[in-house]
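One letter stands for each residue in the lines below.
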Amino acid sequence: MYLFSRAVTLRGSPRQVAPWVQKVTAHVNANSPLDVTAWNADVGHPIGTVVWNSVVESQQALAEGVAGLVADDAYHGVLEEAADMVVAPGEDALRSMVHGSPSENSVGSVAMVTTGVSVLERTGDVLTWSVDIAQYAEKVAGTPVSVWTNAFGNMTEMTFISVFESLAALESSNETL
C-alpha cells in the first residue's frame, strides 16, 4: 500500500484559495479512481501549503489514476484557474506502508506527521524501532499510528502519521505520551 502526496504552496486570500482547493479535489475524486483528501499544512511547511493525499494499492493503480487526469481537459482547466495562486511547482512524495493502516479522514481532522532519517547502515534497526515505537504510542495513547518509508527519494526516511478528530485530541494524546 502506498501514500501519494502532492504539496503545493498557494498565495492569496483563503476566500480564493479554499474554494479552488475544494473544486480541484472534488474534480479528481469525481473523475478518477483516486480517493483524494486535501489538508492544510501548517507547522513545517511554507504558509499557504496544501497537501493532497491518496492511498493506493500499487504504483500501477496510481499511474492509471493519474493517466486519466492527464488526458482530462476539464482537469487542466481547473488547474489553470489557480495559475496566479501557485507560488512554485508542487512537490510529490510516494511512501510505502510499513505498519498500521490508513486513517479515516474527515473534515476538521488534524494529522500529526513526523519524519526522521537514519543512516543507511542502521535502516533495518530503524524499521524495527519505528514499528515498536508506533505500537507503544498506540498502546499508551490509544491512537493509531501508521509508519511509512519513502518509495522514492531519501531511502532512509521514515514517516509516522496519526490522525485526530481535533487539535485538542492531538494535544491530549501528546500529553499522555
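Conventions used here
- Along each chain, residue indices are assigned from 1 in the same order as the chain's sequence is written.
- Local features in this predicted model are restricted to residues whose pLDDT is 70 or higher, and side-chain atom pairs enter the listing and the counts only when it is 80 or higher, whereas totals over whole chains, interfaces and linings include all residues.
- For side-chain calculations, the full set of non-hydrogen atoms in the structure is used, while hydrogens and water are omitted.
- The buried label applies to any residue whose accessible area, calculated with a 1.4 Å probe on protein chains only, is under 20% of its type's maximum; exposed applies above 50%, and partly exposed to all values in between.
- Helix and strand labels come from DSSP, where a helix needs a run of H or I of at least four residues and a strand needs a run of E of at least two; each type is numbered from the N terminus.
- One bridge is not enough; two strands pair if DSSP finds at least two bridges between them.
- Here, residues are in contact when the closest pair of their heavy atoms is within 4.5 Å.
- Residues with no salt bridge and a relative accessible area higher than 30% make up the patches, which join like charges within 9 Å and nonpolar side chains (Val, Leu, Ile, Met, Phe, Trp, Tyr) within 5 Å.
- Per-residue accessibility takes into account occlusion by the displayed protein chains alone, with areas from the Shrake-Rupley method and a 1.4 Å probe.
- Counted as salt bridges are all cases of a side-chain nitrogen of Lys or Arg within 4 Å of a carboxyl oxygen of Asp or Glu.
- Geometry is summarised by axes, namely lines fitted to C-alpha atoms with helices restricted to the contacting stretch, and by angles between N-to-C directions that run from 0 to 180 degrees.
- Each angle is binned into one of four classes, with values under 35 degrees roughly parallel, values over 145 roughly antiparallel, values of 65 to 115 roughly perpendicular, and all other values oblique.
- In this scheme the crossing of two helices becomes right-handed for a clockwise turn of the near helix relative to the far one and left-handed for an anticlockwise turn of less than a right angle.
- Note on residue classes: Ala, Val, Leu, Ile, Met, Phe, Trp, Tyr, Cys and Pro are nonpolar, Asp, Glu, Lys and Arg are charged, and everything else, Gly too, is polar.
- Pairing of aromatic rings covers Phe, Tyr and Trp, the last through its six-membered ring, and needs centres within 6.5 Å; plane angles under 30 degrees mean stacked, over 60 mean edge-to-face, and all others mean tilted.

Trainee: What should I look at first to understand the pairing of strand β1 (residues 2–9) in this one?
Mentor: Each regular strand displays side chains that alternate between the two surfaces of the sheet. Burial analysis of β1 places 6 of its 8 residues in the buried class, which makes it a mostly covered element. Where β1 lies against strand β3 (residues 49–56), 8 bridges are found, and the strand directions are antiparallel. Considered in β3, the bridge of Val8 is made with Val50.

Trainee: Just checking my understanding: could you explain the pairing of strand β4 (residues 91–99) for this structure?
Mentor: Relative to β4, β1 runs antiparallel, the two sharing 6 bridges. Each residue of the ladder has a partner; that of Tyr2, found in β4, is Ser96. Relative to strand β6 (residues 146–150), β4 runs antiparallel, the two being bridged by 4 bridges. Bridged to Ser96 within β6 is Thr149.

Trainee: Is there a simple way to explain the side chain of His27 in this structure?
Mentor: By the secondary structure assignment, His27 is in helix α1 (residues 14–31). Among the residues examined, His27 registers a relative accessible area of 14% and is labelled buried. His27 has contacts with Asp72, Ala74, Tyr75 and Val78, leaving out every residue within four places of it along the chain.

Trainee: Even after reading the chapter, I still don't get a nonpolar patch on the surface, so can you show me in this structure?
Mentor: Taken together, the side chains of Trp129, Ile133, Tyr136, Val140 and Leu177 define a hydrophobic patch exposed on the protein surface, amounting to about 480 Å² of accessible area. Positionally, Leu177 belongs in the segment after α5 (167–176). Of the residues examined, Leu177 reaches a relative accessible area of 47% and is grouped as partly exposed.

Trainee: Is there a simple way to think about the packing of α1 against helix α3 (residues 73–80) in this case?
Mentor: What describes two packed helices is the angle between their axes and the distance between those same axes. Direction vectors running N to C along α1 and α3 enclose 165 degrees, while the axes themselves pass 10 Å from each other. In terms of orientation, α1 and α3 fall into the roughly antiparallel class. Considering the relative orientation of α1 and α3, their crossing is left-handed. From α1, Trp20, Lys23, Val24, His27 and Val28 reach across to α3, where they touch Ala74, Tyr75, Val78 and Leu79. In terms of residue class, the contact of α1 with α3 is built from 7 nonpolar, 1 polar and 1 charged.

Trainee: Would you take a moment to explain the pattern of salt bridges for this structure?
Mentor: Between side chains of opposite charge, a pair can form when the charged atoms approach closely. One pass over the structure, following the stated rule, counts 3 salt bridges. Among the salt bridges present, the one from Glu81 reaches Lys23, with a minimum N-O distance of 2.8 Å. Here Glu81 is found in the loop between α3 and β4, whereas its partner Lys23 is found in helix α1, with 58 residues between them in sequence. A relative accessible area of 44% places Glu81 in the partly exposed class.

Trainee: Any chance you could explain the packing of aromatic side chains here in plain terms?
Mentor: Pairs of aromatic rings are described using the distance from one ring centre to the other and the angle between the two planes. Enumeration over the complete set of coordinates arrives at 2 aromatic pairs. With a centroid separation of 6.0 Å and an interplanar angle of 90 degrees, the aromatic rings of Trp20 and Trp52 are classed as edge-to-face. With Trp20 in helix α1 and Trp52 in strand β3, this residue pair connects regions lying 32 residues apart in the sequence. For Trp20, a relative accessible area of 8% corresponds to the buried category. Relative to Phe160, the ring of Trp129 has its centre 6.3 Å away and its plane inclined at 85 degrees; by these criteria the two rings are edge-to-face. Taken as a pair, Trp129 in helix α4 (residues 123–141) and Phe160 in strand β7 (residues 157–164) lie far apart in primary sequence, 31 residues in all.

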